[in-house]
Amino acid sequence: AKKDGGGRYHMHHMEMYQRIARHVFLEGEVRQALAKQQFSLSLQPQLETKSRKLYGFEVLLRWHHPKRGLIPPDDFIPILENSAYMLELSYWVLRRSFELLLQIQKLGLTQVRMAVNLSAGQFVDPKLPDYLKALLAEFAVPASYFELELTEQTLVKDINIAIEVMSALRELGFSFAIDDFGTGYSSLAYLKKMPVDVIKIDKSFVFGMLENNADYQIIISTIAMVKNLGLQVVAEGVETGAQLQSLTQHDCDFIQGYYFSRPVPEVELEDFIRAKIKD
Ligand code: C2E
Ligand code: CA
Ligand code: CA
Ligand code: CA
């Protein structure tokens, strides 16, 4: 209110109301989406920078709404984040990732890794290690084929539980990547505390790296630091050949981004692999 007058206040009020209404509406719809088979996965290739060989795929969730079309995950995952339904959906993503890995292996790509995003609630779910253990047995693949991606948001819930869960999963053979590195407030502290293998430099630094000196310096010093710690580094959001060239020069291990490929819908995976990937 105050200087803006009542109209402004009213606006905020309306906006908030609309946001809540949308939230409740979406949550209701998304709860039926799994049963109605409206979810699918898209896979985005990650390349080894030097050899330009395929290293793995990041698994990205897609919601095909019958009326509204494709709804991006950033529009519904945050809304679900604290609901039990998110857990159910996350477990569906994990199981489907195992199925797709087998499909990829059948196409002749036997060394490819799957990078799967874990949600915050999933990460403090004590059932997670047993669930993953059961999937490993059912699909008869080693856990070394999976890299689990965590953001700082995933970790903040309870750092001690997080470390416990991570240790249990590590014992099974899973590896971990810290996602969106550099965008949180405590990345370095996490790096010190958490048993991680890979760091993913957030795409917001990559987009302007050749125009903005601060982004450039942040990237090259992050790569150097990560490698000095004995970890590996992925740059995401690589959109141009010039970015790829610069990242290669600076010894970034892996790249992911539209320059090589957008996320590939699972139904197009076979054609994509035949056309674009050579083992
Ligand atoms: P993220 O984990 O940081 O995933 C990378 C996002 O960057 C993806 O967006 C991808 O499509 C996009 N991207 C990749 N390369 C480029 C590029 O060169 N340029 C641009 N502009 N964008 C690029 P997407 O698929 O919309 O996913 C958004 C976020 O939703 C993900 O960010 C992740 O936090 C979350 N998400 C997606 N799938 C899952 C899931 O299965 N579980 C959980 N918990 N979160 C997920
Ligand atoms: Ca990710
Ligand atoms: Ca990311
Ligand atoms: Ca992100």
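As a reminder, the structure under discussion sits directly above these lines.
Values in this document were obtained by computation on a predicted structure and should not be read as measured data. (Residues numbered from 1 in each chain as written. Chains lettered and ligands numbered in written order. Predicted model: local features only at pLDDT ≥ 70, side-chain atom pairs only at ≥ 80, totals over all residues. Heavy atoms only, no water.)

Asks: Would you take a moment to explain the coordination of the calcium ion (ligand 4) for this structure?
Replies: Under ideal tetrahedral coordination, the four donors around a metal are separated by 109.5 degrees; under ideal octahedral coordination, the six donors are separated by 90 or 180 degrees. Coordination of the calcium ion (ligand 4) by the protein is provided by D180 (OD) and D180 (OD), with metal-donor distances spanning 2.8 to 3.1 Å. Taken as a pair, the calcium ion (ligand 4) and the calcium ion (ligand 3) lie 4.0 Å from each other and share D180 as a ligand. (Donors = N, O, S within 2.8 Å, 3.2 Å for Na, K, Ca; no water.)

Asks: Please clarify how the site of ligand 1 should be interpreted in this entry.
Replies: The immediate surroundings of ligand 1 are formed by 23 residues, with Q44, R62, D179, E239 and Y258 found nearest. The side chain of E58 places a nitrogen or oxygen atom 3.2 Å from an oxygen atom of ligand 1. Protein contact buries 87% of the 800 Å² of open area that ligand 1 shows by itself. Here the residues of the shell around ligand 1 are counted per class, giving ten nonpolar, five polar and eight charged. (Near = heavy atom within 4 Å. Polar contact = N/O pair within 3.5 Å; in protein donor to acceptor, adjacent residues only side chain to side chain. Areas by Shrake-Rupley, 256 points an atom, 1.4 Å probe, with all protein chains shown as cover. Nonpolar A, V, L, I, M, F, W, Y, C, P; charged D, E, K, R; others polar.)

Asks: So what exactly am I meant to see when it comes to the nonpolar core here?
Replies: The nonpolar side chains of soluble globular proteins are, as a tendency, buried together. Of all hydrophobic cores here, the largest spans 79 residues; its most connected members are F39, F57, M114 and F123. Per-element accounting of this core gives the leading share, ten residues, to helix α3 (residues 84-106). If we skip the residues at most four places from it in the chain, M114 touches L43, F57, V59, S97, L100, L101, I104, Y145, F146 and E147. (Core = buried A, V, L, I, M, F, W, Y, C linked by side-chain atoms within 4.5 Å. Buried < 20%, exposed > 50% of the residue type's maximum accessible area, 1.4 Å probe, protein only. Helix = DSSP H or I, 4+ residues; strand = E, 2+ residues; numbered from the N terminus. Contact = heavy atoms within 4.5 Å.)

Asks: Explanation requested: the coordination of the calcium ion (ligand 3) in the structure shown.
Replies: Every protein donor of the calcium ion (ligand 3) is listed here as D179 (OD), D180 (OD), E236 (OE) and E236 (OE), and their distances to the metal cover 2.2 to 2.4 Å. We note that the donor set of the calcium ion (ligand 3) lies within a single chain, spaced as D-D-x55-E. A separation of 4.1 Å is found between the calcium ion (ligand 3) and the calcium ion (ligand 2), which are bridged by D179.

Asks: For this particular structure, what's the right way to read the pairing of strand β5 (residues 146-150)?
Replies: Consecutive side chains of a regular strand alternate in pointing toward one face of the sheet and then the other. Most of β5 sits inside the fold, with five of its five residues counted as buried. Burial along β5 is two-sided: the residues F146, L148 and L150 and E147 and E149 are all buried. As paired elements, β5 and strand β6 (residues 175-181) share four bridges and run parallel to each other. Residue pairing for β6: L150 is matched across the bridge by I178. (Pairing = 2+ DSSP bridges.)

Asks: What is the right way to look at unusual backbone geometry in this model?
Replies: Keep in mind that most residues, glycine aside, have a negative phi and that most peptide bonds are trans. At Q37, a residue that is not glycine, the phi angle is positive and equals roughly 55 degrees. When its relative accessible area of 72% is taken as the criterion, Q37 is described as exposed. Positive phi is not limited to glycine here, since A140 has a value of about 50 degrees. Using a relative accessible area of 64% as the deciding quantity, one classes A140 as exposed.

Asks: Where do I start with the packing of α3 against helix α5 (residues 128-139) in this structure?
Replies: The description of two packed helices rests on the angle between their axes and on the distance between the axes. Between α3 and α5, the least distance of the axes is 11 Å, while the angle of their chain directions is 25 degrees. Regarding the angle of α3 to α5, the classification is roughly parallel. The element α3 and its partner α5 pack so that their crossing is right-handed. When α3 is examined against α5, the residues Y91, L94, R95, F98, E99 and L102 are found in contact with a partner set consisting of L128, Y131, L132, L135, L136, E138 and F139. (Axes fitted to C-alpha atoms, helices over the stretch in contact; angles between N-to-C directions. Parallel < 35°, antiparallel > 145°, perpendicular 65-115°, else oblique. Left-handed = near helix turned anticlockwise from the far one by under 90°.)

Asks: Which parts of the structure should I look at to understand the packing of helix α2 (residues 73-80) against α3?
Replies: Contact geometry of α2 with α3 gives a least axis separation of 8 Å together with a crossing angle of 125 degrees. As far as their axial angle goes, α3 and α2 are oblique. In contact with F76, I77 and L80 of α2, α3 contributes Y85, M86 and L89. In the contact of α2 with α3, the residues fall into six nonpolar, no polar and no charged.

Asks: What is the right way to read the environment of H250 from this model?
Replies: Examined against the element boundaries, H250 turns out to sit in the loop between α11 (241-249) and β9 (254-256). Taking the relative accessible area as the measure of exposure, H250 reaches 27% and is therefore partly exposed. When the C-alpha atoms of H250 and A224 are compared, they prove to be 8.2 Å apart, with 26 residues separating the residues in sequence. Residues contacting H250, with those up to four places away along its chain left out, are Y216, I220 and I223.

Asks: So what exactly am I meant to see when it comes to the pattern of salt bridges here?
Replies: Where charged atoms from two side chains of opposite charge approach closely, those side chains can pair. Scanning the model with the defined rule gives 13 salt bridges in all. Between K200 and E58 there is a salt bridge, with its nearest N and O atoms 2.8 Å apart. Taken as a pair, K200 in strand β7 (residues 198-201) and E58 in strand β2 (residues 54-65) lie far apart in primary sequence, 142 residues in all. A single burial state applies to K200 and to E58, both of which are buried. For R96, the salt bridge is made with E266, and the minimal N-O distance between the two is 2.6 Å. Of this pair, R96 sits in helix α3 while E266 sits in the loop between β10 (264-265) and α12 (269-276), and the two are 170 residues apart along the sequence. Residue R96 is classed as buried on the basis of its relative accessible area of 18%. We classify E266 as buried; its relative accessible area is 15%. Overlapping salt bridges, with partners in common, bring together E58, E149, K200 and E236 in one network. (Salt bridge = Lys/Arg side-chain N within 4 Å of Asp/Glu carboxyl O.)

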